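Overview (structure and organization)
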Amino acid sequence: MGDNHETKLLDGKAMALQIKDEIANEVRAMTSAGRRAPHLAAVIVGEDGASMTYVASKEKSSHEVGFTSSVYRMSEQTTERQLLETIDFLNNDPDIDGFIVQLPLPKHIDEQKVINAIAPDKDVDGFTPVNVGRMVLGEECFVPATPMGICTLLKRYGIETAGKHCVVLGRSNIVGTPVANLLSRKGFDCTVTMCHSRTQNLKELCLQADILVVAIGKPEFVTADMVKPGAVVVDVGIHRVPDATKKTGYRIIGDVKHDEVDQKCSWVTPVPGGVGPLTIVSLLQNTLAAYHRHTGR
Ligand code: GUN
């Protein structure tokens, strides 16, 4: 801990448990009234380790809140056409409220073409052009899970955002771009700076951040000399590094060097147990919303 302040954890794990409990109660009330449970499906192509971990975790969380969950596992050799046929099936199955296609896809498949084929009203990842467009316009839509989780974390912890300078590191379609958009909007009212690989004065910009969102995909990239004292730091990174002292043989680290940065900021998301658990919960929230829309109740 620092000399005269205590850094507080944005405890995503605890918050995720609480929100899952809220969802589970709602689902229980509906199913005991004779309604079917919400149904979330996932498609995974190939056997990428991280993707399999994500999908397993989505499946487990779905069951925990009482959702029906199905996973379509397709081989690495699946053709684009076969994948598009599966998406067509899921788009048209009235028992499925929402589905996700786990990314990345194998190189021989055109990712954007696949995303474009997902019916926007089942696109609980919020990746289709219709949902991205709606989000930018501030219309009702499915917001991508990671940015939505970050927003939930800031909001439920009562972090002051209005007029604050939020610096976002990374401009991906999944995290950087949508989170920059959401935090600049009414309700959050941040002044947002988005930084990327071509940004020239990255350190100086980071030092101006009241809120620093790091989604740059580089292990322990952000060091203490880049952080303004008292800043709120959100670490979106997830990296496995070998660690012989662990039973699993690895440990998880983020995009932020926590052992030094944590002493400088006011609030920080731990890794693991920060943004990650909220991402999955956001997907469940989107699926519940899709269910209400589909069932008209
Ligand atoms: N790969 C990494 N993150 C995500 C995500 O949120 N959704 C999907 N579909 N794939 C991902």
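Residues numbered from 1 in each chain as written. Predicted model: local features only at pLDDT ≥ 70, side-chain atom pairs only at ≥ 80, totals over all residues. Heavy atoms only, no water.

Counting its regular elements, the protein contains 10 helices and 11 strands. Radius of gyration (C-alpha) of the protein: 19 Å, near the 19 Å computed for a compact globule of 297 residues. Residues classed as buried in the protein amount to 51% of the 297 residues present. Partitioning the contacts of the protein with sequence separation of at least 6, the portion at a separation of at least 24 is 71%. Just so you have it, the protein exposes about 14,300 Å², and 52% of that area is on carbon and sulfur atoms. For the protein, the distance from the average position of its 32 positive side-chain charges to the average position of its 36 negative side-chain charges is 1 Å. (Helix = DSSP H or I, 4+ residues; strand = E, 2+ residues; numbered from the N terminus. Rg over C-alpha atoms; globule rule 2.2 N^0.38 Å. Buried < 20%, exposed > 50% of the residue type's maximum accessible area, 1.4 Å probe, protein only. Contact = heavy atoms within 4.5 Å. Areas by Shrake-Rupley, 256 points an atom, 1.4 Å probe, with all protein chains shown as cover. Lys, Arg positive; Asp, Glu negative; His and termini not counted. Charge placed at Lys NZ, Arg CZ, Asp CG, Glu CD.)

Judged by pairing direction, the sheet is parallel, and its three strands sit side by side in the order E3-E2-E4 without closing on themselves. Where the open sheet ends on each side, the last strands, each with one partner, are strand E3 (68–74) and strand E4 (98–101). Neighbour-to-neighbour, the strand axes of this sheet turn through a mean angle of 15 degrees, independent of strand direction. Examined bridge by bridge, strand E2 (residues 39–45) and E3 share seven bridges and lie parallel to one another. Among the inter-strand pairings, Leu40 is bridged to a residue of E3, identified as Ser69. Against the sheet, helix H2 (residues 49–64) touches E2, E3 and E4, its axis set at about 160 degrees to E3. (Pairing = 2+ DSSP bridges. Axes fitted to C-alpha atoms, helices over the stretch in contact; angles between N-to-C directions.)

This next bit is on the confidence of the model for the protein. The predicted model of the protein has a mean per-residue pLDDT of 96, with 98% of residues at 70 or higher. Within the protein, strand E9 (residues 239–242) has the poorest average pLDDT of any element, 94, and strand E7 (residues 211–214) the best, 99. (pLDDT = per-residue confidence, 0-100.)

Once that is clear, we can look at unusual backbone geometry. Of all residues except glycine, most have a negative phi; of all peptide bonds, most are trans. Along the chain, Leu103 connects to Pro104 via a cis peptide bond; the corresponding omega equals 0 degrees. Note that Pro104 resides in the loop between E4 and helix H4 (111–116). Cis peptide bonds are those with omega within 30 degrees of zero, and the linkage from Val271 to Pro272 qualifies with 0 degrees. Following the sequence through the fold, Pro272 ends up in the loop between strand E11 (267–268) and helix H10 (275–295). Of note in the backbone geometry, Asp189 takes a positive phi value of approximately 60 degrees without being a glycine. Phi at Glu220 takes a positive value of approximately 50 degrees, unusual for a residue other than glycine. Relative to the helices and strands, Glu220 is located in the loop between E7 and strand E8 (232–235). Take Glu220: its relative accessible area is 31%, and that puts it in the partly exposed class.

Let us now look at the packing of aromatic side chains. Scanning the entire structure with this criterion turns up two aromatic pairs. The aromatic ring of Tyr250 is capped on one face by Arg240, whose charged end is 4.2 Å from the ring centroid. A cation sits over an aromatic face here: Arg293 above Phe142, 4.6 Å from the ring centre. (Phe/Tyr/Trp six-rings, centres within 6.5 Å; stacked < 30°, edge-to-face > 60°. Lys NZ or Arg CZ within 6 Å of the ring centre and 35° of its normal.)

Before going further, it helps to examine the sheet that holds E7. Pairing is parallel in the open sheet, where six strands are placed in the order E1-E11-E8-E7-E5-E6. The strands lining the two open edges of the sheet, one partner per strand, are strand E1 (8–9) and strand E6 (191–195). Taken together, the five bridges between strand E5 (residues 165–169) and E6 define a ladder with parallel strand orientation. Across the sheet, residue Leu169 finds its bridge partner in E6, namely Cys195.

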